[in-house]
Amino acid sequence: MAKQLKASPVQPPLGQLLLAQPAQAATGRAPGPATQALQDERARYLPRGVFTYHSIFPASGTGARLMDVDGNRYLDFAGGIGTMNVGHSHPAVVAAIEQQAQQYTHTCAHVATPPPYIELARRLTEITPGAFAKKTLLVNSGAEAVENAVKIARAATGRSAIIAFENSFHGRTNLALSLTGKLRPYRQNFGPFALDIHTVPYPYCYQCAQHGDAAAGDCCREWVSTLERAFLTRVAPEFACEHSGVEPDLLLMAKSLAGGLPLAAVVGRAELMDAPLPGGLGGTYGGNPVACAAALAVLDVFAREGLVERASVLGALALDRMRAWQVRFPLVGDVRGLGAMVAMELVRDRALRTPAAGEAANLLVEARERGLLLIKAGLYDNVIRLLMPLVTTDAEMAEGLDLLQEALAAVSAQPAPHAEAH
Ligand SMILES: Cc1ncc(COP(=O)(O)O)c(C=O)c1O
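Per chain, residue numbering runs from 1 following the sequence as it is written. With the structure being a predicted model, the display of local features is reserved for residues of pLDDT at least 70 and the display and counting of side-chain atom pairs for 80 or more, all residues being used for whole-chain, interface and lining totals.

## Considerations on unusual backbone geometry
Cis geometry marks the peptide bond from Arg184 to Pro185, where omega comes out at 10°. Each helix corresponds to a stretch of at least 4 residues labelled H or I by DSSP, and each strand to a stretch of at least 2 residues labelled E; elements are numbered beginning at the N terminus. Tracing the backbone shows Pro185 in helix α9 (residues 183-187). A cis amide bond links Gly191 to the next residue, Pro192, at an omega of 5°. With respect to the element layout, Pro192 can be found in the loop between α9 and β6 (197-200). At Cys108, a residue that is not glycine, the phi angle is positive and equals roughly 80°. Within the element layout of this structure, Cys108 appears in the loop between α5 (91-103) and α6 (115-127). Counting other C-beta atoms within 10 Å of its own, a residue is labelled buried from 20 upward, exposed at 12 or fewer, and partly exposed in the gap between, with every C-beta atom placed from the backbone. Assessed through the 15 C-beta atoms surrounding it within 10 Å, Cys108 is described here as partly exposed. At Asn167, a residue that is not glycine, the phi angle is positive and equals roughly 70°. The topology assignment puts Asn167 in the loop between β5 (162-165) and α8 (174-179). Note on Asn167: 16 C-beta atoms within 10 Å, which makes it partly exposed.

Spelled out as structure tokens, the structure:
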């Protein structure tokens, strides 16, 4: 499938767009002395590969608010890239961590399995879709969950081929990277990659050849036939199982599962989960009791505070405002999202849908200077996505969206930036 970026004569080369980075030299408020010192130390001791969207250093956080080491306050609508659903330092999660840490911090499940591992395993099987017997493996990160799901699927089916989608992100370990469908910066210079991975396009209506409407989805037939063709030409589908409802054989969870502590899970049909031999799954830290205690508290908070329902409310509030901005600011090309994770795709030209990567980078700076933390995403680095904690109050939501609107107005008034290299 030809990339639309290449098809359009007025667009800058793809490489240039993907090189666009947050314009840190832009209108920057001077960092305070503590921030400056940490910036220098960070540059000296951390590899440049550990990218950061914002050169700020947190000192404390509560709910949706963060304070940095110089006392600057921010509304955090980046939420640790989706790890802070229950907000910063939720008292119930902090209490659970403290209580478990006072008892014991670790034993390794392969030596002596912590009871919180077992309780969390049970609760995750209960709240996931599917009225069949399930089991749970706990690991430390999303990438590890992906790796283990592949191992389990291969052991259960005896088949090695994996179909992955373009435009996807699955993590930074070798197999997860092999599945990841975005070259720069994730895959570049890191080959060779794992074998027997077959990548097919994923429906991306807004930037497809027909410039379709994501809501209508009519233009997606081309992608469906590409997938069907892959079943004919590359991977036979006999292993495949079609589900009309949402009852996955293996379900992966990470991010907000333990309120910011490193924990991820693979929950799946018991017979599949039992396919690997004893000793074939696990790891030194997977199912660490402090992380499990935090996760159990997170599940309680979700239920007690109705955070699933709250996600829809917050998402709807953001979508409403973004749709209004779509009318007011030509820069906002598309608005989309599910639950509380909503996004707007910025374009330089509505008709051509030219990705506005530099503008997206500048928007992060403009928003931060007003006290709002955001991140961006997308194949072309031109998508602003919101990942505010689900405990964000109505007042905080309104404040954050007002700040975003101001930032959007500021970027809209600026001349189009040039994409620049690191
Ligand atoms: C869909 C998806 N899979 C996997 C990962 C990798 O997770 P982690 O960074 O915890 O390894 C991410 C992280 O952003 C993700 O969004």
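## Describing the pairing of strand β9 (residues 332-338)
When DSSP finds two or more bridges between a pair of strands, those strands are recorded as paired. Sheet analysis places β9 next to strand β10 (residues 341-346), joined by 6 bridges and oriented antiparallel. For Val335, the partnering residue across the bridge sits in β10 and is Met344. The antiparallel hairpin formed by β9 and β10 contains 2 residues in its connecting segment, where Gly339 sits at a positive phi of about 60°.

## Quick notes on the environment of Asp300
Considering the arrangement of structural elements, one finds Asp300 in helix α12 (residues 289-304). Asp300 sits in the partly exposed class, given 15 other C-beta atoms within 10 Å. Here the alpha-carbon distance between Asp300 and Ala92, two residues 208 residues apart in the chain, equals 8.7 Å.

## Quick word on the sheet that holds strand β7 (residues 250-253)
An order of β4-β8-β7 is seen for the 3 strands of this open sheet, with the pairing classed as antiparallel. The sheet terminates laterally at β4 (134-139) and β7, the two strands that pair on one side only. Here the average twist between neighbouring strands, direction ignored, is 15°. Our contact criterion uses C-beta atoms placed from the backbone: two residues qualify when those atoms are within 7 Å. Only the stretch in contact is used when fitting a helix axis, every axis being a line fitted to C-alpha atoms; angles between N-to-C directions are given from 0 to 180 degrees. Contacting β4 and β8 (264-269), α6 crosses the sheet at an angle of about 125° to β4. Seen against the sheet, helix α7 (residues 142-157) touches β4, β7 and β8 and runs at an angle of roughly 25° to β8.

## Considering the sheet that holds strand β1 (residues 58-62)
Strand order in this open sheet of 4 strands is β1-β2-β3-β11, and the pairing throughout is mixed. The sheet terminates laterally at β1 and β11 (372-373), the two strands that pair on one side only. Of the pairings in the sheet, the one linking β1 to strand β2 (residues 65-68) comprises 4 bridges and is antiparallel in character. In the strand pairing of β2, Pro58 is matched with Asp68. In the packing of helix α15 (residues 394-413) onto the sheet, the strands contacted are β3 (73-76) and β11, and the crossing angle to β3 comes to about 100°.

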